[in-house]
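# Commentary on secondary and tertiary structure
Chain by chain, the residues:
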Amino acid sequence: MPGRRFFDTNVLVYAFAADDPRSARAEALIADGGVIGVQVLNEFTNVTRRKLRWDWEQIEASLAVIEELLGVARPLTTALHAQAVVLARDFKLSFYDSLIVAAAMDAGCEVLCSEDLEDGQKFGAVTVENPFRR
C-alpha cells in the first residue's frame, strides 16, 4: 500500500451500513489496512447511536471488529488538541475535522480518506482523498 492511510469516520460508518452503495468500497479500504484515531471512534459511536439508532451491543461488536482490523486507535492527547486548534484556525476547519487531520499528521499518514474534507487538499504531508468520488 503506497503510504499509510488514515480513515475518517464516514469510511467506517459506510463499511458497517446496510444497503449503502459506498459499503463495498469502504469495506475494501478497511480490509487493506489503515489508521484511525480516538476521535474517529467517538464520532462513529455517536453516529451509530444517534443517527442509525444502533443498540449498545451492536456498537460494541462493531468497535471490536474495527480494532481487530485496524489495531488500536491513535490516542487523543493535549498536544494533538493544540495542533487541532491551529489547524482549525489556519484552514477554517470545524474543530472536530481538525482533530482528525491532526491525528493523521501525527500518525505519519500520507493519505486521509474522507468524504467530508476537500478532495486533494493538503495538510503538510497529508493529502485528503475522497475514496467515494465518481
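The text that follows walks through the structure, step by step, so that each part is easy to find. (Residues numbered from 1 in each chain as written. Predicted model: local features only at pLDDT ≥ 70, side-chain atom pairs only at ≥ 80, totals over all residues. Heavy atoms only, no water.)

### Some points on the environment of Lys122
Note that Lys122 resides in strand S3 (residues 122–123). Between the alpha carbons of Lys122 and Leu112 there is a distance of 9.5 Å; along the sequence they are ten residues apart. Every residue in contact with Lys122, bar those within four places of it in the chain, is listed here: Phe91 and Thr127. Polar contacts involving the side chain of Lys122 include one to the side chain of Thr127, which spans 2.7 Å. (Helix = DSSP H or I, 4+ residues; strand = E, 2+ residues; numbered from the N terminus. Contact = heavy atoms within 4.5 Å. Polar contact = N/O pair within 3.5 Å; in protein donor to acceptor, adjacent residues only side chain to side chain.)

### A look at the sheet that holds strand S4 (residues 126–129)
Pairing within the open sheet is mixed, and its four strands lie in the order S1-S2-S4-S3. Two strands lie at the open edges of the sheet, namely strand S1 (5–7) and S3, each paired on one side alone. Sheet topology note: the S1/strand S2 (residues 111–113) ladder contains three bridges and is parallel. Across the sheet, the residue bridging to Arg5 is Val111, located in S2. (Pairing = 2+ DSSP bridges.)

Treat this as a map of the structure, not an account of what it does.
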